[in-house]
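Chain by chain, the residues:
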Amino acid sequence: MSIPVPEKLQADLRAYTQKCMEDPSILYHPNLAELKELIEHFGGKIPPKESEESDRSKSESAPTTSDTGMEQETEVQPESESEESDIELDMTGVIEPDTDAPQKMGNPTVQPTEEEIAESQEKRSQAVSAFVEKDYEKALELYTEAIVLNPHAALLYAKRGQVFLLLNKPNACIRDCDRALELNPDSAAAHKFRGRANQLLGNWEEAANDLRLACKFDFDEQADEWLREVTPNAKLIEEHKRKKERRAAEKLLKERQEKLKKARAEAKAREDNTRPSQTEGPGGVSGAFNQFLNDADVLRAFLDPEVAEAFNDISQNPPNIYKYQHNPKIGAVIDMMATKFAAAGADGSRCPGFPTFPGFPNVPPSASATTQGEADPPKPSGPGDDLGLD
């Protein structure tokens, strides 16, 4: 069949096809949209552009962020699923679970008569004979009849469970053994057969636990052999769980330590923010007076609103102290502070930062004379008194 395409165009098409195979991103050019659509129409698949691949890999690997910009934890598979695959278990002998409807159980509320108990024992003897002859279906039928007649005989359930076990119906066996152990928790037979049933289902820990109890209550060579078979797998799982619990405990401890560390840092930050500065004190008093505010007498004096207001005024503008030179209450407080804290030095000067002005106690005569000459007799001052401001 002839191709209605010029030979030159065929050669160009072959060269262009080779180039597209080397660099498929060319097909994403808008002018080649029809060619890309043609390839995909016939089932062809065009590799994504390198930029798209890198963007996709970045979006898959980068953690998502919330509106606040905080990084969120990437979703990971549950630890148990990822780690269980690391355990190499010997699955020899494990079978598919049976899904039959639950077998008929006796009514535990019915109290059998002596005749029913005797008949139940007869059915049990017949079931044993069928079991020996390996007629397991017949044995099941007879054991069920015996159970209905005497639903309180734990051994009947355990023996029927044994038959279910031989018929590869481990779930039915477990149901019978569960009922047997409800009636008699120390039934070695029920533990033995339930342990074997769990072994067939791959429930290694449950199997090991039941078989250990079976050997404990009534040692049996077959139970001991089954126990040796399941022990390696059970130990692997137990060790895995111990490691997992240890890691979980370490993770929890680390989280608690981090929370405690964070809480301590927050408490320290709050303490630093609320700690009184070197320029603040009770009642608004600040400056050099802050060093005296731990004394009970001083604190008691500052409970007086007049004293607190006066020292607040002085703290904002130290020269304002002269406004109170004729106020006996303020003078008494300053005198107390000077005396209590040894504010006066050997030369009669006050300690650094402690205010001085004429007319107040413990002020050297020279200071008083230098400042304003002869001291006038003290007189009461009113709210508008401006003595000593000049």
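Use the structure listed above.
Residues numbered from 1 in each chain as written. Predicted model: local features only at pLDDT ≥ 70, side-chain atom pairs only at ≥ 80, totals over all residues. Heavy atoms only, no water.

Considering the overall build of the chain
Here is step 1: When helices and strands are tallied, the chain shows 15 helices and zero strands.
Here is step 2: Split into buried and exposed, the 390 residues of the chain put 29% on the buried side.
Here is step 3: Within the chain, counting contacts between residues at least 6 apart in sequence, those at least 24 apart form 53% of the total.
Here is step 4: Split by element, the accessible area of the chain, about 26200 Å² in all, is 52% carbon and sulfur. (Helix = DSSP H or I, 4+ residues; strand = E, 2+ residues; numbered from the N terminus. Buried < 20%, exposed > 50% of the residue type's maximum accessible area, 1.4 Å probe, protein only. Contact = heavy atoms within 4.5 Å. Areas by Shrake-Rupley, 256 points an atom, 1.4 Å probe, with all protein chains shown as cover.)

A closer look at the packing of helix α9 (residues 188–201) against helix α11 (residues 221–274)
Here is step 1: Viewed as axis vectors pointing N to C, α9 and α11 meet at an angle of 30°, and their least axial separation amounts to 10 Å. One way to sum up the angle between α9 and α11 is to call them roughly parallel. Handedness of the crossing formed by α9 with α11: left-handed. Facing Lys192, Arg196 and Gln199 of α9, the residues of α11 in contact are Gln222, Ala223, Trp226, Glu229 and Val230. (Axes fitted to C-alpha atoms, helices over the stretch in contact; angles between N-to-C directions. Parallel < 35°, antiparallel > 145°, perpendicular 65-115°, else oblique. Left-handed = near helix turned anticlockwise from the far one by under 90°.)

Observations concerning the packing of aromatic side chains
Each aromatic ring pair is summarised here by two numbers: the centre-to-centre distance and the angle between the ring planes.
Here is step 1: In total, this model carries one aromatic pair according to the counting rule given.
Here is step 2: Seen in terms of ring centroids, Phe131 and Tyr136 are 5.6 Å apart; in terms of plane orientation they differ by 55°. Their pairing is tilted.
Here is step 3: Across from the ring centre of Phe131, 5.9 Å away, lies the NZ or CZ of Lys159, which sits over that ring. (Phe/Tyr/Trp six-rings, centres within 6.5 Å; stacked < 30°, edge-to-face > 60°. Lys NZ or Arg CZ within 6 Å of the ring centre and 35° of its normal.)

What to know about the side chain of Arg160
Here is step 1: For Arg160, the location among the structural elements is in helix α7 (residues 154–166).
Here is step 2: Apart from residues lying up to four places away in sequence, Arg160 is in contact with Gln103, Lys104, Met105, Leu140, Tyr143, Thr144, Ile147 and Asp176.

Topic: the environment of Gln162
Here is step 1: Examined against the element boundaries, Gln162 turns out to sit in helix α7.
Here is step 2: On the basis of relative accessible area, Gln162 is assigned to the buried category, the value being 16%.
Here is step 3: Counting along the chain gives 10 residues from Gln162 to Ala172, while the straight-line C-alpha distance between them is 9.7 Å.
Here is step 4: Not counting residues up to four positions away in its chain, the partners in contact with Gln162 are Phe131 and Phe193.
Here is step 5: For Gln162, the side chain forms a polar contact with the side chain of Lys159, separated by 2.9 Å. (Polar contact = N/O pair within 3.5 Å; in protein donor to acceptor, adjacent residues only side chain to side chain.)

Brief notes about the nonpolar core
Here is step 1: If you look at the biggest cluster of nonpolar residues, it comprises 27 residues, and the most contacted ones within it are Leu156, Leu165, Cys173, Ala180 and Ala190.
Here is step 2: At the level of secondary structure, the elements contributing two or more residues to this core comprise α5 (114–132), α6 (136–149), α7, α8 (170–183) and α9.
Here is step 3: Examining the composition of this core, we find that seven residues originate from one element, α7, more than from any other.
Here is step 4: Look past the residues within four positions of Ala190 in its chain and what remains in contact with it is Ala158, Cys177, Ala180 and Leu181.
Here is step 5: In terms of nonpolar packing, the next biggest core, distinct from the first, is built from 13 residues, Val307, Ile314, Ile330 and Val333 among them. (Core = buried A, V, L, I, M, F, W, Y, C linked by side-chain atoms within 4.5 Å.)

With respect to the pattern of salt bridges
Here is step 1: On inspection of all chains with the given rule, the structure shows 16 salt bridges.
Here is step 2: Note that Asp220 and Lys192 form a salt bridge whose closest N and O atoms lie 3.1 Å from each other. Residue Asp220 is found in the loop between α10 (204–217) and α11, and its partner Lys192 is found in helix α9; the two are separated by 28 residues along the sequence.
Here is step 3: A residue is classified by how much of its surface remains accessible, and Asp220, at 24% relative accessible area, is partly exposed.
Here is step 4: Bridged by salt links that share partners, the residues Asp178, Arg194 and Asp210 form one connected network. (Salt bridge = Lys/Arg side-chain N within 4 Å of Asp/Glu carboxyl O.)

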